[in-house]
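A look at the structure
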Amino acid sequence: IERTKKAVEEAIKKRIQEIEPGEWMIINPTGRVARDMILFSDITRAELDRYAPDHPLMLHESGSGPSSQILFNSKGREVIEEELPVFKKFTDHDLKGDGVNLSSLIVKDVMLKGRDKDYAKSLKKVMLSTTLPLGFTTIGTRLTRTVVNALIILDRKGEMPIRYGWFYGDGSFYNPEGFFKRFPEMSGVGSAYLWNLGVGEEVIDSPSTGLCTPARVINPVLADRFARSGVDTCRINHPVMRAHVKDQIQYGRGVEYHGTDGTIDIILEIIDEIREETGMTVQEIRDKRITLDHLFIVRPDQIPKLVEYGMVMAVSPGFLAANMNPTANYNVLQNYGEQWMKYHIPAKSLMDAGAITVFAEYRRPFQSIKMMVTREACFSPRLPEQGKMGVETCKTLGPEQAINRITALKMTTQWAAYYMLKENQIGSLEVGKWADFVVIDKDYFAVSGKGIQDINVLLTVVGGKVAYASPDYGPIDRALFKGPEYVREAQLSN
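Just so it is clear, the structure is predicted and the values come from calculations on it, not from any experiment. (Residues numbered from 1 in each chain as written. Predicted model: local features only at pLDDT ≥ 70, side-chain atom pairs only at ≥ 80, totals over all residues. Heavy atoms only, no water.)

Section: the overall build of the chain
A tally of helices and strands in the chain yields 20 helices and 15 strands. What you see for the chain is a C-alpha radius of gyration of 23 Å, in line with the 23 Å of a compact globule of 494 residues. Principal-axis analysis of the C-alpha atoms gives the chain an extent of 65 × 55 × 55 Å. Buried residues in the chain amount to 56% of all 494 residues. (Helix = DSSP H or I, 4+ residues; strand = E, 2+ residues; numbered from the N terminus. Rg over C-alpha atoms; globule rule 2.2 N^0.38 Å. Buried < 20%, exposed > 50% of the residue type's maximum accessible area, 1.4 Å probe, protein only.)

Some points on the environment of S380
As for its position among the elements, S380 is in the loop between strand 11 (376–379) and strand 12 (393–396). Judged by relative accessible area, S380 falls into the partly exposed class, the value being 35%.

What about the state of the cysteines?
On inspection of all chains with the given rule, the structure shows two disulfides. The disulfide partner of C212 is C234, and the gap between their sulfur atoms is 2.0 Å. Residues C212 and C234 are joined by a disulfide whose S-S torsion is about 95°; by sign, that bridge is right-handed. One end of the pair, C212, is in the loop between strand 6 (194–199) and helix 11 (220–229); the other, C234, is in the loop between helix 11 and helix 12 (239–251), with 22 residues separating them in the sequence. The partner cysteine of C378 in its disulfide is C394, sulfur to sulfur 2.0 Å. Taking the torsion about the sulfur-sulfur bond, which here is approximately 105°, the covalent link between C378 and C394 counts as right-handed. Note that C378 is positioned in strand 11 and C394 in strand 12, a separation of 16 residues in sequence. Taking relative accessible area as the criterion, C378 reaches 23% and is therefore assigned partly exposed. Sequential numbering of the bridged cysteines in the chain gives the disulfide pattern 1-2, 3-4. (Disulfide = S-S within 2.5 Å.)

What about the pattern of salt bridges?
Within this structure, the stated rule accounts for 34 salt bridges. The partner of K13 in a salt bridge is E9, with the nearest N and O atoms 3.1 Å apart. With K13 and E9 both in helix 1 (residues 2–16) and four residues apart, the pair spans about one turn of that helix. Residue K13 is classed as partly exposed on the basis of its relative accessible area of 45%. For E269, the salt bridge is made with R242, and the minimal N-O distance between the two is 2.9 Å. Of this pair, E269 sits in helix 13 (residues 261–278) while R242 sits in helix 12, and the two are 27 residues apart along the sequence. Beyond isolated ion pairs, a larger network of salt bridges with shared partners links R242, K246, E269, E273 and E277. (Salt bridge = Lys/Arg side-chain N within 4 Å of Asp/Glu carboxyl O.)

Things to note about the packing of aromatic side chains
Following the criterion strictly, the structure yields 16 aromatic pairs and no others. With a centroid separation of 5.5 Å and 15° between ring planes, the pair formed by Y168 and F183 is classed as stacked. Residue Y168 is located in strand 5 (residues 163–168), and its partner F183 is located in the loop between helix 10 (179–182) and strand 6; the two are separated by 15 residues in the primary sequence. Comparing Y168 with F183 shows no difference in burial state: the two are buried. Geometrically, the ring pair formed by F296 and Y330 is tilted, given 5.9 Å between the ring centres and 55° between the ring planes. Of this pair, F296 sits in the loop between strand 8 (291–294) and helix 15 (303–308) while Y330 sits in the loop between strand 9 (312–315) and helix 16 (332–336), and the two are 34 residues apart along the sequence. Site record: aromatic cluster; members linked through ring pairs are Y168, Y174, F179, F180 and F183. The aromatic ring of F40 is capped on one face by R228, whose charged end is 3.8 Å from the ring centroid. Lying across the ring of Y418, R289 places its NZ or CZ 3.7 Å from the centre. (Phe/Tyr/Trp six-rings, centres within 6.5 Å; stacked < 30°, edge-to-face > 60°. Lys NZ or Arg CZ within 6 Å of the ring centre and 35° of its normal.)

Some details on helix 1
The terminal C-alpha atoms of helix 1, which comprises 15 residues, lie 21 Å apart, in line with the 21 Å expected from a rise of 1.5 Å per residue. All buried positions along helix 1 are accounted for by T4, K5, V8, E9 and I12. Seen end-on, helix 1 carries its buried residues on one side only, within an arc spanning 140°. Along helix 1, the residues that are exposed and aim more than 90 degrees away from the buried face are E2, R3 and K14. Those residues of helix 1 that are buried are in contact with strand 1 (25–27), helix 2 (32–39), helix 3 (45–51) and strand 2 (57–60). (Expected span 1.5 Å × (residues − 1). Arc of directions from axis to C-beta. Contact = heavy atoms within 4.5 Å.)

Considerations on the sheet that holds strand 15 (residues 465–469)
Taking strand neighbours across the sheet as the criterion, the three strands line up as 13-14-15 in an open arrangement whose pairing is antiparallel. Two strands close off the open sheet at either side, each with one partner strand: strand 13 (437–440) and strand 15. Strand-to-strand twist of the sheet, defined as the mean angle between neighbouring strand axes without regard to direction, takes the value 25°. (Pairing = 2+ DSSP bridges. Axes fitted to C-alpha atoms, helices over the stretch in contact; angles between N-to-C directions.)

A few points about the side chain of S68
Along the polypeptide, S68 turns up in the loop between strand 2 and strand 3 (70–72). The class for S68 is buried, based on a relative accessible area of 1%. A distance of 3.2 Å separates a polar atom in the side chain of S68 from a polar atom in the side chain of H60. (Polar contact = N/O pair within 3.5 Å; in protein donor to acceptor, adjacent residues only side chain to side chain.)

Quick notes on the sheet that holds strand 10 (residues 356–359)
Ordered in space as 7-8-9-10, the four strands form an open sheet in which the pairing is parallel. Two strands lie at the open edges of the sheet, namely strand 7 (257–258) and strand 10, each paired on one side alone.

With respect to the environment of S62
Relative to the helices and strands, S62 resides in the loop between strand 2 and strand 3. When its relative accessible area of 35% is taken as the criterion, S62 is described as partly exposed. Linking S62 and E277, residues 215 residues apart in sequence, is a C-alpha distance of 42 Å. Each residue touching S62, except ones within four places of it in the same chain, is listed here: N28, P29 and S68.

Dropping the structure here:
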């Protein structure tokens, strides 16, 4: 700990010499020692103030994915609270366990304030170079001001490479009490390339310190972390966050709440409160298409109510690999026991019960499909504490929840369009729809289950025009592309 603290201090002092007075500073130590140093308050805001009294500072342990931790110095909080006054209602302790989302929020909406045009150029470049080659034609995710403004700039100029459904996220850090009561219900409103999906919070549980679940922790290391950190893994219990979630669901469409069984219990409780207080019918709840994401644990006793309320269940196969990462606090197998694996990302159980179930994944789509068809996940350590670096291990997890490849394909296309509020425009190739599709290099129905992950995208077509072409596809007429900037490495016909 002391060595890591010293390294942080030295990094801050070095950075101060390189930037202008008052300029933001981000320090990113990596690894469990750095993560625990912040989580257990072995480094404090007072120490950061001493290191950097005149610069806003964000200390963000960023190497452990959703397990990352975050801490601001007083100058940093002062700047954030001026921009986002509601932030004052969250203590440093409250913020622990949400490093990934908070760092993104602060960078984009505080540090990059006023740079919407610059961000638009950067975002377009990412979509062209990364998103389209993976075969994505439409994305749905939570966004805040700077990113939404950037997308609006692109949309107004007719420069959106893909379609984007966005929901207004991180409302607890942004908005005063009663905001969503006044916020217009915008679900589905927008253009063919950019529209609103609703409002939401995403991280209302805390994978950084453990899952929001009544399940008993069997891993003594994690149990000790619970006791020492004092962080409530059910972040939705924070009064500001719970009030916002209730208003989001009552006055709009609540989207992308993380779904661990403890959180699901609270969400269902909130819906029942709303119904009792307002007389809202079951059908009115169903019409909202409220969504739950990731689904670390869903108990069988919860599924009938989820089906009754028509909640969209969005599974995230990528989290299967966390069950081979000994440092992941959302490792269900290690921390809660093998008996819970049949309830972990339980796609088959949900669909068998009639739940609307889709994919919520940002990784390579065919890799994700392979994991749900085979339930085999692979993990390569990124840090020495996670295992032998560079050695991949694979394991079959919860095989009873495997689904067939036709179902998996529908989850990524036709059924996902329902999540996106655009089932009449996207998700299938039919007359009158928007002609979004991909061409792949292997027969999806002929390769082995494991072989699905090796499928590559040759063409990504959006609105009937080629938006991405692999040089492996063959000659393509330039006129078939959406525009000159989409013609990169593709072979062009004469």
